[in-house]
Amino acid sequence: MPESPSVKTFARQKWLLLAVTCCALAAQAQGPADDPDWKETEVPAPPKFDPRQRVSIEMPPYVSTKFGIDPATLVVTPDGIVRYVMVAVSPSGTVNAFYEGIRCATGEVKSYARANDSGVWTAIKAPEWRRLNDNQPSRHALALAQQGACEGNTSSSSAADILRKLKSK
């Protein structure tokens, strides 16, 4: 028995709806993380920092080094990077600092420079983006992302917003 024209039309409409839905989902999956035209803005020189001004980042209890960001160095750039100086103070009082950027859209971090206890910056040669959840010696960047720098896969709206979130913890 041949199908009626209305059954054929209905079947075509279902397939068309399915195809449109698949295309929409594929387009949605290609968010800012997949943008082939994305380019990081120029990275300025590492800023001066003050370890006494640091806003603490909560770390697991087994981490004896205290981490925090200097609020004067925190910025959210137009390309979605959260840049900051992370200050690490060891139990003996030794201060190290890391000038870094978090790209929330891809869940990555990049270290641009390091400073030792004297505060002198040493640039990282050929800095590269690394996954926030990679097995890194320290997970301070992941902690910062989770505690206020990122809202899902987007950066927080402003440095003031990030600081508010960090201080409310």
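Keep in mind that what you see is a predicted model, and the values were worked out from it rather than measured.

Participant: Please explain the nonpolar core as it appears in this structure.
Facilitator: One broad trend across soluble globular proteins is that nonpolar side chains are buried collectively. Within the largest apolar cluster, 26 residues are counted, with the highest numbers of intra-cluster contacts made by I57, I69, L74, Y84, M86, I102 and L144. When contributions to this core are tallied by element, the ones reaching two or more residues are β1 (55-57), β2 (66-69), β4 (81-89), β5 (95-103), α2 (140-149) and α3 (159-167). Apart from the residues lying within four places of it in its own chain, the contact partners of I57 are F67, G68, I69, M86, H140, A143, L144, Q147 and L166. Residues F49, V95, A97 and Y99 belong to the second largest nonpolar core, which totals eleven residues.

Participant: I would appreciate a short explanation of the pairing of β4 in the present structure.
Facilitator: Regular strands place their side chains on alternate faces of the sheet. The buried fraction of β4 is high, at nine of nine residues. As defined by bridge partners, β2 adjoins β4 across four bridges and the pair is classed as antiparallel. Note that in β4 the partner of I69 across the bridge is M86. Where strand β3 (residues 75-76) and β4 come together, two bridges link them in antiparallel fashion. Residue pairing for β4: V76 is matched across the bridge by V82. A loop of four residues connects β3 with β4, the two strands running antiparallel in sequence, and G80 in this loop sits at a positive phi of about 90°. Pairing geometry for β4 and β5, over nine bridges, is antiparallel. If you follow V85 over to β5, its bridge partner there is Y99.

Definitions and cut-offs
Residues numbered from 1 in each chain as written. Predicted model: local features only at pLDDT ≥ 70, side-chain atom pairs only at ≥ 80, totals over all residues. Heavy atoms only, no water. Core = buried A, V, L, I, M, F, W, Y, C linked by side-chain atoms within 4.5 Å. Buried < 20%, exposed > 50% of the residue type's maximum accessible area, 1.4 Å probe, protein only. Helix = DSSP H or I, 4+ residues; strand = E, 2+ residues; numbered from the N terminus. Contact = heavy atoms within 4.5 Å. Pairing = 2+ DSSP bridges.

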